[in-house]
Amino acid sequence: MKELCVPAKLEQLDPVLAFVSNELENAGCDAAVQTQIMIAVEEIFVNIFSYAYPPKEGMATIRMQIEGTPAVAQIEMIDQGVPYDPLQREDPDITLSAQERGIGGLGIFMVKQTMDEVSYRYENNSNILTIKKALGR
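Residues numbered from 1 in each chain as written. Predicted model: local features only at pLDDT ≥ 70, side-chain atom pairs only at ≥ 80, totals over all residues. Heavy atoms only, no water.

Draft legend 1. Representation of unusual backbone geometry. Cis geometry is adopted by the peptide bond preceding Pro-55, which originates at Pro-54 and carries an omega value of 0°. Of note, Pro-55 is situated in the loop between α2 (31–52) and β2 (59–67). The residue after Thr-69, namely Pro-70, is reached through a cis peptide bond having omega 0°. In this fold, Pro-70 is placed in the loop between β2 and β3 (72–79). Its identity is not glycine, yet Asn-124 carries a phi of approximately 50°, on the positive side. If you trace the backbone, Asn-124 turns up in the loop between β4 (117–123) and β5 (126–134). (Helix = DSSP H or I, 4+ residues; strand = E, 2+ residues; numbered from the N terminus.)

Encoded structure:
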């Protein structure tokens, strides 16, 4: 499993996305699937640097592997911030207008809708959010 460890800061978003994109391109990932994965990774990383460590700063680790036939990408997004399982949050009612919906939750809802599998665990004082997505069409 390849790994990237960076400060959980906005300035690290581009290196995180480059790390994931490079691995997906090397695996011959379908462009539409790559876009979905990149949006999911961006959403999760933004949540980490926005909410995991306030008011201080911390680190984020991205672990990634691609294996199997057909190939499946597994990406773990890890932080040692405030324990929080975003999958326990109730999905937003997307039938309501933006003004009627509560704030927040749309990003993780989108991740759950576009990835093949999304799971969370709290282990060794770490939040670990795992996404999996088949790389074919």
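Next comes the rest of the account.
Draft legend 2. Main features of the side chain of Lys-133. On the secondary structure map, Lys-133 appears in strand β5. For Lys-133, a relative accessible area of 10% gives the class buried. A distance of 2.7 Å separates the side chain of Lys-133 from the backbone oxygen of Thr-114, its partner in a polar contact. Not counting residues up to four positions away in its chain, the partners in contact with Lys-133 are Val-33, Gln-36, Ile-37, Ala-71, Val-72, Ala-73, Thr-114, Met-115 and Asp-116. (Buried < 20%, exposed > 50% of the residue type's maximum accessible area, 1.4 Å probe, protein only. Polar contact = N/O pair within 3.5 Å; in protein donor to acceptor, adjacent residues only side chain to side chain. Contact = heavy atoms within 4.5 Å.)

Draft legend 3. Expanded view of the packing of helix α1 (residues 13–26) against α2. Viewed as axis vectors pointing N to C, α1 and α2 meet at an angle of 150°, and their least axial separation amounts to 10 Å. Regarding the angle of α1 to α2, the classification is roughly antiparallel. Where α1 crosses over α2, the handedness of that crossing is right-handed. Contact residues: α1 offers Leu-13, Val-16, Leu-17, Val-20, Ser-21, Leu-24 and Glu-25, while α2 offers Gln-34, Ile-37, Met-38, Val-41, Glu-42, Phe-45 and Val-46. Of the residues in the contact of α1 with α2, the class split is ten nonpolar, two polar and two charged. (Axes fitted to C-alpha atoms, helices over the stretch in contact; angles between N-to-C directions. Parallel < 35°, antiparallel > 145°, perpendicular 65-115°, else oblique. Left-handed = near helix turned anticlockwise from the far one by under 90°. Nonpolar A, V, L, I, M, F, W, Y, C, P; charged D, E, K, R; others polar.)

Draft legend 4. Here's a closer look at the packing of aromatic side chains. On inspection of all chains with the given rule, the structure shows one aromatic pair. Here the aromatic rings of Phe-45 and Phe-49 are separated by 5.6 Å at their centres, their planes lie at 65°, and the arrangement is edge-to-face. Highlighted residues: Phe-45 and Phe-49, both in helix α2, separated by four residues, approximately one helical turn. You can call Phe-49 partly exposed: its relative accessible area is 23%. (Phe/Tyr/Trp six-rings, centres within 6.5 Å; stacked < 30°, edge-to-face > 60°.)

Draft legend 5. Region of interest: the environment of Val-41. Mapping Val-41 onto the fold places it in helix α2. The exposure class assigned to Val-41 is buried, which follows from its relative accessible area of 0%. For the pair Val-41 and Leu-17, spaced 24 residues apart in sequence, the C-alpha separation works out to 7.4 Å. Residue contacts for Val-41: discarding those within four places in its chain leaves Val-16, Leu-17, Val-20, Ile-75, Met-77 and Ile-131.

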